[in-house]
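Spelled out, the chains give:
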Amino acid sequence: GGQTVLNPWPIIGGVATVIVSEGEYVSSDGAKPGDVVVLTKPLGTQIAVNVHQWRTTGHRLWDEVREKGLLTDDEADDLMHEACAS
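Residues numbered from 1 in each chain as written. Predicted model: local features only at pLDDT ≥ 70, side-chain atom pairs only at ≥ 80, totals over all residues. Heavy atoms only, no water.

What about the layout of surface pockets?
Computed from the structure, the largest pocket encloses a volume of approximately 180 Å³. In this structure, the largest pocket is lined by Asn7, Trp9, Ile11, Lys41, Pro42, Thr45, Gln46, Val49, Ala83 and Ser86. For the lining of the largest pocket, the element with the most residues is helix α1 (residues 45-57), which contributes three residues. Classifying every residue of the lining of the largest pocket by side-chain character gives five nonpolar, four polar and one charged. (1 Å grid on protein atoms, 1.4 Å probe; cavity = no way out; pocket = protein on both sides within 12 Å on 5 of 7 lines; lining within 4 Å. Points joined across faces, edges and corners; volume = space filled by probe spheres on them. Helix = DSSP H or I, 4+ residues; strand = E, 2+ residues; numbered from the N terminus. Nonpolar A, V, L, I, M, F, W, Y, C, P; charged D, E, K, R; others polar.)

Rendered as structure tokens:
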């Protein structure tokens, strides 16, 4: 799954696969309120990249964002800066 967007910085990803016996891994189906969640990237990074791309290419979705008063140009710039700096 995923999506393809133009990104102003390189992204390197990878996949690892391993075979283990039951009991040698932690399943996510036992999660409950109060458990710790470990994030591998800041929340909102992909949204910031999408907004940046929409704005810089004149995409209709950027027009919708502005018409609804969701973000200004300056706020979109700040979002992208925070995504790059995190």
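Concerning helix α3 (residues 73-85)
Look at α3: 18 Å from first C-alpha to last across 13 residues, which is about the 18 Å you get at 1.5 Å a residue. Of the residues making up α3, those classed as buried are Ala76, Met80 and Ala83. Along the axis of α3, the buried residues cluster in a sector spanning 60 degrees; they form a single face. The exposed set on the far side of α3, more than 90 degrees from its buried face, consists of Asp74, His81, Glu82 and Ala85. Contact partners of the buried residues in α3: α1 and α2 (60-67). (Expected span 1.5 Å × (residues − 1). Buried < 20%, exposed > 50% of the residue type's maximum accessible area, 1.4 Å probe, protein only. Arc of directions from axis to C-beta. Contact = heavy atoms within 4.5 Å.)

A look at the packing of α1 against α3
The geometry of α1 relative to α3 is characterised by a closest axis approach of 9 Å and an angle of 135 degrees between their N-to-C directions. Classed by the angle they form, the pair α1 and α3 counts as oblique. The two elements α1 and α3 meet at a crossing, and its hand is left-handed. Here α1 contributes Thr45, Ala48, Val49, Val51, His52 and Arg55 to the contact with α3, which in turn contributes Asp73, Ala76, Asp77, Leu79, Met80 and Ala83. Split into classes, the residues belonging to the contact of α1 with α3 amount to seven nonpolar, two polar and three charged. (Axes fitted to C-alpha atoms, helices over the stretch in contact; angles between N-to-C directions. Parallel < 35°, antiparallel > 145°, perpendicular 65-115°, else oblique. Left-handed = near helix turned anticlockwise from the far one by under 90°.)

So, the environment of Val18
Looking at the secondary structure, you find Val18 in the segment before α1. Through-space distance from the C-alpha of Val18 to that of Arg60 is 43 Å; in sequence the pair is 42 residues apart.

A word on the pattern of salt bridges
Using the criterion set out here, one finds five salt bridges in the structure. Here Asp35 and Lys32 are joined by a salt bridge, their closest N and O atoms 4.0 Å apart. Judged by relative accessible area, Asp35 falls into the partly exposed class, the value being 38%. What makes Lys32 exposed here is its relative accessible area of 55%. As a salt-bridge pair, Arg55 and Asp77 come within 2.1 Å of each other at their nearest N and O atoms. With Arg55 in helix α1 and Asp77 in helix α3, this pair connects stretches of sequence that are 22 residues apart. Judged by relative accessible area, Asp77 falls into the partly exposed class, the value being 37%. Where salt bridges share partners, they join Arg60, Glu64 and Lys68 into one cluster. (Salt bridge = Lys/Arg side-chain N within 4 Å of Asp/Glu carboxyl O.)

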